[in-house]
Amino acid sequence: MLQFCYDTLIAMKIVGIYFANLNGSPSRGEAFIMAHLTNKCLKWLLLAAALGLPFGLYAKPGELVFLNWADNFIDPVAITEFETAFKIKVRQVYFETEDKRTDMLIASDGKGYDVALIGGHNLQSYGQHGWLAPLETDRLPNLQHIDPRWRNAFPSADTYGVPFLWGTLGIAYREDLLRGPLEASWKPLFQPPVEQRGHVLMMETIRYSLAVALKALGYSANSINPTELAAAEQLLKNQRPFVKQYGALDIGPNSEMVSGQITMALLYNGDALKLREFHPHIRFVTPREGTLITVDYFTVLAKSLQKELAHAFINFMNEPARAAQLAKFAYYPTANRAAEPLLPPAFHQDPDIYPKPDLLNRSEIPQELPPRVLKQLNQLYRRVVGEPINRPWGQQ
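Conventions we followed
Residues numbered from 1 in each chain as written. Predicted model: local features only at pLDDT ≥ 70, side-chain atom pairs only at ≥ 80, totals over all residues. Heavy atoms only, no water. Core = buried A, V, L, I, M, F, W, Y, C linked by side-chain atoms within 4.5 Å. Buried < 20%, exposed > 50% of the residue type's maximum accessible area, 1.4 Å probe, protein only. Contact = heavy atoms within 4.5 Å. Salt bridge = Lys/Arg side-chain N within 4 Å of Asp/Glu carboxyl O. Helix = DSSP H or I, 4+ residues; strand = E, 2+ residues; numbered from the N terminus. Pairing = 2+ DSSP bridges.

Any chance you could break down the nonpolar core for me, citing the residues and the numbers?
Grouped together as the largest cluster of nonpolar side chains are 100 residues, with contacts concentrated most on Phe298 and Phe313. Sequence-distant contacts of Phe298, that is, excluding residues within four places in its chain, are made with Phe66, Val115, Ala116, Leu117, Tyr160, Gly161, Val162, Phe164, Phe313, Ile314, Met317 and Asn318. One finds Leu249, Val258, Leu267 and Leu275 within the second-largest nonpolar core, a separate group that totals 13 residues.

Written out as structure tokens, the structure is:
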């Protein structure tokens, strides 16, 4: 539907220009366009604009479209190397959260992208929606280097995805703006020190904010027990007055954490370490209660017209030396076993990148949940973020 609307817009624009030239009035040409676009098309086009979808879904000749995390997640040097080797242009389209990526794929019905980075717990449902193509493993010789534990960590992972990087959720904070050391627990995130209140950022991704609330209470991050979910909802509501923003943190020199507007955030470990490049007092802690382990997978889109090239891109990024380069750039552990020996000892020994085994044993990967449960979680989360903010200390 969205592609039809794009095509309709282009056609009507041409006719509108003709009428404008005929009548000498650009505004009359624009009025012609608006009068002949259906309400349904207008709604789809407005949604596309809100989600940041490109106007023109399909890849142009000579380009590969890569749906990727925002904030420079992939080393641009690797992208340039691929473009040079294959004489192709890589056009990157970005998403800030997993929920927004899902919205983008819904809006386009999976069209317009060749390769995408997808979280492991979304692989099965995305495949069922018809958005992902089964991997052609004969086109992926570097699959031999991938750690089997990540290939089989999620349902349908071995069918649809090539594991790329894995990481953990934790608390990023500005140590120079604290009056004392931060406890290695989820507690400070939900009951922050007075000086941090009103400066907290929580991820907009529903599953993750709810999961860490469950972990803080001693429950499984994947719990669907009504009593436990109610307790997690109340914890999030109690935290609400302390939260400045529910959203995605900019991971760059202009980040709110660099400026000090945000002083504590629920964040991925690699993102926190990248932020440290821009401010030496940004720290990260993985809470002792355990956390969520996230894994990103390279996938080929089912409606891609360039599946051979998409597989070549994924295989290229999994050359061991390049996989090590990408891990160092992003500050995340690699799923490529042949790349691991190529990483410096300091990288392996950093507990913010590789948490200690006992902490990993208390952590969980997010499980795929049925649609009815996801709907309930969405309603729960909306009740939390829809609560009016009451900050008794006057912080706005």
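Next comes the rest of the write-up.
Any chance you could break down the pattern of salt bridges for me, citing the residues and the numbers?
Summed over all chains, the structure comprises 19 salt bridges. Among the salt bridges present, the one from Glu233 reaches Lys237, with a minimum N-O distance of 3.2 Å. Residue Glu233 and its partner Lys237 are located together in helix α11 (residues 226–239), separated by four residues, close to a single helical turn. Arg362 is the partner of Asp358 in a salt bridge, and the nearest nitrogen-oxygen pair spans 3.9 Å. Owing to a relative accessible area of 37%, Arg362 belongs among the partly exposed residues under this scheme. A single network of salt bridges, built from pairs that share partners, joins Glu96, Lys100 and Glu204.

Give a description of the pairing of strand β7 (residues 264–268) that names residues and reports values.
Along a regular strand, successive side chains alternate from one face of the sheet to the other. Counting buried positions along β7 yields five of five residues, so the element is predominantly enclosed. Across the two faces of β7 the burial is the same, with Met264, Leu266 and Tyr268 and Ala265 and Leu267 all buried. Two strands pair when backbone bridges link them, and strand β4 (residues 161–174) and β7 are joined in this way by five bridges, in the antiparallel orientation. Its bridge partner being in β7, Gly170 is matched across the sheet by Leu267. Note: strand β5 (residues 200–203) against β7, two bridges, orientation parallel. If you follow Val200 over to β7, its bridge partner there is Met264.

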